[in-house]
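# Structure assessment
Residue-level listing of the chains:
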Amino acid sequence: MGKHLVFYIFLALIPALETSDFLITQFRNIRKRSADDLIVNGIEIYSMKIDSKVTSRFAHNVITSRAVNRANVSKEVVFDVDLPKTAFITNFSMVINGVTYPGNIKEKEAAKKQYEKAVSQGQTAGLVKASGRKTEKFTVSVNVAAASKVTFELTYEELLKRNFGKYEMFIKVKPKQLVNHFEIEVNIFEPQGISELEAQGSFITNDLAQVVKKSFSGQKGHVSFKPTIDQQRTCANCSTSLLDGDLTIRYDVKRDKPGDLQIVNGYFVHFFAPTNLPNFSKNVIFVIDGSGSMSGIGIQQTRQALLKILEDIKEDDYFNFVLFDTGVNVWKEELVKATPENLKEAKAFAGNIDTGGMTNLYGGLMKAIEMLNTAIETSAVPKRSASIIILLTDGQPNVGISNPQEIQERVKKAIQGRYPLYNLAFGYGIDYNFLEKMALENKGVARRIYPDSDSAIQMEGFYDEVANPTLTEVELSYPENAISDLTQNNFKHYYDGTEIVVAGHITDNDLTSLTADVKAQGAENDVTFTEQADVDAMEKAFQEQEYIFGDYIERLWAYLTIQQLLEKRIVAQGEEKENLTAEALELSLKYKFVTPLTSMVVTKPEDNEDPAALADKPTEAEAKSAPGSPITPSHSVMYSRPASPSLYTSVDGDPHFIISVPQKKDAICFNINEEAGKVLNLINDPVTGIKVNGQLIRDKKVKNDAKVQNTYFGKLGIENKQLELRLEVTPEKITLLNGRKKTVFTWLDTATLRQEGLNMTINRKKNLVFSMGDGASFVIVLHQVWEKHPLHQDFLGFYTLDSHKLSERTHGLLGQFFHHIDFNILEIHPGSDPKKPDATMVVKNNELIVTRGWQKDYRKDPKHGTDIPCWFVHNNGAGLIDGVHTDYIVSSVFETTIN
């Protein structure tokens, strides 16, 4: 807009100017630059629209992206979106040169066979599966001929949940380039009437704020966002886009009665969210993992969260702390009331919680259950009160009873359904399936706490969700002879600001009205509510609404039923589990939902460039192996030792560190998970003057949010200050700076260079071997991928040989391990994967939960590598490396740049 405005003003000032050819040329240049800004790598995304229709909390979302290949050769076009974790994909299609290729949802094994058949025939494969904190990533790519167009259309549905008094709709916005027609359109219809509506974007600047249009009146609400090209720019002359973040829409409905019954085409849904009820007093026991693996940032953030939670505890509440490591310790012998004096003492205690020892999870939980059971049985807490246990752990039980199934059985027997158990899983070195199953068996939920800078806020946020119970033992009932296929209708607690949703099928075709009765225990007395809806009037009212999508209540019922069947399936066994699986699968296929039991496969008819894509629904338990998280090595087997490990350390892959320990005839490995662009110090020897730094790059397709990305080393800087030697190595070239003399090599060279202080050999397109002075030798391995690879890009691996030649003062992520390190392995036991045993490692006076696995050594075979068995240390090497991994971040690969 700015460029065009300048042109028009200039034209108005000099209407008689004879240099019209100049003006026309300038105008054409402006148009050309504007058009060029829209093209990235030959691809122009000329249209992207997100169209959402929300009817009674159920959202139907369609994302349409249109692109054209402006290059004169075929190009890869990528469709890459983030979806809410609670959503189910229902449709995907591609239109290429006017021909539509739809996605087919099938039982997972059948879809996998179709996908593998396509891949085996040489067709291009694109994986459509990932898991992040709030989102799942849907990615598919296709090769598009020169001057051809492609349209992607993805549909997904979700039931919006009510938290803290508002429904939240989350839309990830990141087109990655300027888009000629970019639009988000959200239409909301709520029969109860809309009471408030807000829309906020993490990327919204003051200028963009005016582009977000929102309005609501009566039963309808509307949000739109349609930025022009110039409004999308990061600056007036920039070709990069501001649109990079989250658009969050929150709203609530009018509530003149506790609930709302809605009926369409033989299905009903009952929303129940009473307001203005007194809160129960709470009896809360926090069970905190104080084992060695929680040391560092884990326990620091736990302390922060507990201190903030203690500020919010009400004076009528009762509480206590149970800490477990190798043993079990309690703050007080019984629950205490949240008086100012007790809270002051509790804050002092929480602020000094320390770590050490192993993980006696069973002992900690049983102590908490015993204390709460005793308090209830002896009336030490109010009769009308809500009791909960909140467990926070980052590891797996390895002291006392450590078998997960036995722990589950004993915990369930001890609680006897009297109160919910909430399990917060901190980090990734845990058996999430175990914690989730144990929580569900005891009417609670499991929640993953991501080990990021805001972990304390995540923990505090969870507590806020359960801080205000207003009803317990909630039961919703409907006419037995008129209703079938009812979703869950019994709930242990109702928390203020949330909502209970029940749906079912009306089997009585002559039913004229539907009645719902609700019974519950309130903070002061038992309460009952009755709701009634006229079937014919309700059906007619909904048929008159033009933009309600299809049989939305039936789809809402199916969505809710599938989710609850999958949840029950987690704790079921044997024939019951098989029946639940079959029922959930049948509904998933009937309503075309991509769930953990189904996959969607997209294939083109046979030709040389057939794409095939497999879309799966990841589960939260799989987040352990999600990109960007500390990953247990994928090539793991039962515990075995390397035959004869040599003395070397290395970092390769994304990025995996391997530390050989010859004295133990074994190895230790860990990952560092950090953002692309960050520079890590690998080696720093102040005596010999040798320093090595590495800069991270990321996969092509991974979005720039911090939670889900694979990173690799894309640049290495090696220098010997004493000899004034520098090497800067990238996958494209090798730059040697000797004093002021600069020499540039490529990986196509085969060369050997010997000069004072430097021995260097380039093995063409394979590796670089060199040494500086009399110190250690190093190997840099080149990893090259197919030029048009849809995901990966070229990167480097770094290996040290003869590292003992460096001084005792050497440090860095690799350098600190150049000299003897000792460790002991205790209590090897089955992990969550039977092929990957876990154990306790005692190292540097820390006790860590480690997992047996494999990593690759690519020194001799850059393509396939050699498997190196090792003990994998989780959480960025916490407890193994000195300090925390962020201590090793430096500003650049060299203190000054090579010119």
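Attention in this report is confined to the structure presented alongside it. Keep in mind it's a predicted model, so treat the numbers as computed, not measured.

When its secondary structure is counted, the protein shows 15 helices and 53 strands. Per-residue burial for the protein yields a buried fraction of 55% across its 899 residues. Expressed as a percentage of contacts within the protein between residues at least 6 apart in sequence, the contacts between residues at least 24 apart total 68%. Accessible surface computed for the protein: about 38,700 Å², of which carbon and sulfur atoms make up 48%.

Of all the seven residues making up strand β47 (residues 777-783), six are buried; the element is thus mostly covered by neighbouring parts of the structure. Looking at chain direction, strand β46 (residues 767-772) and β47 are connected through five bridges and run antiparallel. Each bridged residue has a counterpart across the sheet, and for F770 the counterpart in β47 is F778. In this sheet, strand β48 (residues 795-801) lies alongside β47 in antiparallel orientation, the contact comprising seven bridges. Bridged to S777 within β48 is L801.

In helix packing, the relevant descriptors are the interaxial angle and the interaxial distance, both defined with respect to the helix axes. Running from amino to carboxyl end, helix α6 (residues 297-312) crosses helix α11 (residues 455-465) at an angle of 35 degrees, the nearest separation of the two axes being 8 Å. When you trace α6 past α11, the crossing you get is right-handed. Counting all contacts with α6, which are made through Q301, T302, Q304, A305, K308, I309 and D312, the residues of α11 involved are S455, A456, M459, E460, Y463 and D464. Grouping the constituent residues of the contact of α6 with α11 by class yields five nonpolar, four polar and four charged.

Across all of its chains, the model carries two disulfides by this definition. Two residues share a disulfide in this structure: C235 and C238, whose sulfurs sit 1.7 Å from each other. For the disulfide bridge between C235 and C238, the dihedral angle about the S-S bond is near 80 degrees, and by the sign convention the bridge is right-handed. According to the relative accessible area criterion, C235 is partly exposed, its value standing at 35%. Here C669 pairs with C870 through a disulfide, and the sulfurs are 2.2 Å apart. With the S-S dihedral at roughly 70 degrees, the linkage between C669 and C870 falls on the right-handed side. With C669 in strand β37 (residues 666-671) and C870 in strand β52 (residues 866-873), this pair connects stretches of sequence that are 201 residues apart. Each member of the pair, C669 together with C870, is buried.

This part takes up the pattern of salt bridges. Inspection of every chain in the model, using the stated rule, returns 31 salt bridges. Between R70 and E44 there is a salt bridge, with the nearest N and O atoms lying 2.8 Å from each other. A residue pair is termed long-range when its members are at least 10 positions apart, and R70 in the loop between β3 (58-69) and β4 (75-84) and E44 in strand β2 (residues 43-55) qualify at 26 residues. When its relative accessible area of 7% is taken as the criterion, E44 is described as buried. Between D882 and K844 there is a salt bridge; the shortest N-O distance is 2.8 Å. In this pair, D882 is assigned in the loop between α15 (874-877) and β53 (889-890) and K844 in the loop between β50 (838-843) and β51 (846-857), connecting sequence segments 38 residues apart. Using a relative accessible area of 33% as the deciding quantity, one classes D882 as partly exposed. A single salt-bridge network, built from bridges that share partners, covers R57, R162, E190, D252, R255 and E499.

Listing the buried residues of helix α7 (residues 340-350) in full gives N342, L343, A346 and A350. Across the axial projection of α7, the buried residues extend over an arc of 95 degrees, all falling on one side. Opposite the buried face of α7, at more than 90 degrees from it, the exposed residues are P340, E341 and K344. Those residues of α7 hidden inside the fold are in contact with α6, β21 (318-324) and β23 (336-337).

Take the nonpolar core next. Within the largest apolar cluster, 55 residues are counted, with the highest numbers of intra-cluster contacts made by F92 and F138. The leading source of residues in this core is β2, at five residues. By size, the runner-up hydrophobic cluster in this structure holds 52 residues, among which are I690, L725, W747 and F817.

Okay, the sheet that holds strand β27 (residues 469-477) next. Ordered in space as β29-β27-β31-β32, the four strands form an open sheet in which the pairing is antiparallel. One side of each edge strand has no neighbouring strand; the edge strands of this open sheet are β29 (490-495) and β32 (526-534). The average angle at which neighbouring strand axes cross in this sheet is 30 degrees, direction not considered. As judged from the five bridges shared by β27 and strand β31 (residues 513-522), these two strands associate in the antiparallel manner.

Another point: the packing of α6 against α7. Contact pair α6 / α7: the axes reach a minimum separation of 9 Å and the direction vectors enclose 170 degrees. Classified by the interaxial angle, the pair formed by α6 and α7 is roughly antiparallel. Where α6 abuts α7, its residues R303, L306, L307, L310 and E311 lie against L343, A346, K347 and A350. In the contact of α6 with α7, the residues fall into six nonpolar, no polar and three charged.

Quick look at the packing of aromatic side chains now. Throughout the structure, instances matching the rule amount to 30 aromatic pairs. Centre to centre, the rings of Y559 and F593 are 6.4 Å apart; their planes meet at 80 degrees, and the pair counts as edge-to-face. Of this pair, Y559 sits in helix α13 (residues 552-571) while F593 sits in the loop between α14 (574-590) and β33 (598-603); the two residues are 34 residues apart in sequence, bridging distant segments of the chain. Of the two residues examined, Y559 and F593, each falls in the buried class. When the ring of F657 is compared with that of F670, the centres are 4.8 Å apart and the planes differ by 5 degrees; the resulting orientation is stacked. Separated by 13 residues along the polypeptide, F657 in strand β36 (residues 656-661) and F670 in strand β37 bring together distant segments of the chain. What makes F670 buried here is its relative accessible area of 0%. Taken together through their ring pairs, the aromatic side chains of F286, F319, F321, W331, F349 and Y463 make up a single cluster.

Here α14 is 17 residues long and its end C-alpha atoms lie 25 Å apart, about the 24 Å a rise of 1.5 Å per residue gives. Of all the residues in α14, the buried ones are L580, A584, L587 and S588. The arc that holds the buried residues of α14, viewed along the axis, is 105 degrees, so those residues lie on one side. With respect to the buried face of α14, the exposed residues turned more than 90 degrees away are E575, E578, E586 and K590. Buried residues in α14 make contact with α13 and β33. Directly after α14, the chain includes K592, whose backbone phi takes a positive value near 60 degrees.

Trans is the prevailing form of peptide bonds, just as negative phi is the prevailing case for residues other than glycine. Positive phi, close to 55 degrees, is recorded for D485, a residue that is not glycine. Relative to the elements of secondary structure, D485 occurs in the loop between β28 (483-484) and β29. The exposure class assigned to D485 is partly exposed, which follows from its relative accessible area of 46%. In this structure, K592 takes a positive phi of about 60 degrees despite not being glycine. Positionally, K592 belongs in the loop between α14 and β33.

Turning our attention to the pairing of strand β43 (residues 741-746). Two elements, strand β42 (residues 733-738) and β43, share six bridges in a ladder whose sense is antiparallel. Paired with K733 across the bridge in β43 is T746. With antiparallel pairing between neighbouring strands as the criterion, β42 and β43 make up a hairpin whose turn holds two residues, including G739 at a positive phi of roughly 65 degrees.

On to the environment of L758. By the element assignment, L758 lies in strand β45 (residues 758-763). For the pair L758 and L725, spaced 33 residues apart in sequence, the C-alpha separation works out to 8.3 Å. In contact with L758, other than residues within four places in its own chain, are L725, L736, L753, S771 and M772.

Conventions adopted
Residues numbered from 1 in each chain as written. Predicted model: local features only at pLDDT ≥ 70, side-chain atom pairs only at ≥ 80, totals over all residues. Heavy atoms only, no water. Helix = DSSP H or I, 4+ residues; strand = E, 2+ residues; numbered from the N terminus. Buried < 20%, exposed > 50% of the residue type's maximum accessible area, 1.4 Å probe, protein only. Contact = heavy atoms within 4.5 Å. Areas by Shrake-Rupley, 256 points an atom, 1.4 Å probe, with all protein chains shown as cover. Pairing = 2+ DSSP bridges. Axes fitted to C-alpha atoms, helices over the stretch in contact; angles between N-to-C directions. Left-handed = near helix turned anticlockwise from the far one by under 90°. Nonpolar A, V, L, I, M, F, W, Y, C, P; charged D, E, K, R; others polar. Disulfide = S-S within 2.5 Å. Salt bridge = Lys/Arg side-chain N within 4 Å of Asp/Glu carboxyl O. Arc of directions from axis to C-beta. Core = buried A, V, L, I, M, F, W, Y, C linked by side-chain atoms within 4.5 Å. Parallel < 35°, antiparallel > 145°, perpendicular 65-115°, else oblique. Phe/Tyr/Trp six-rings, centres within 6.5 Å; stacked < 30°, edge-to-face > 60°. Expected span 1.5 Å × (residues − 1).

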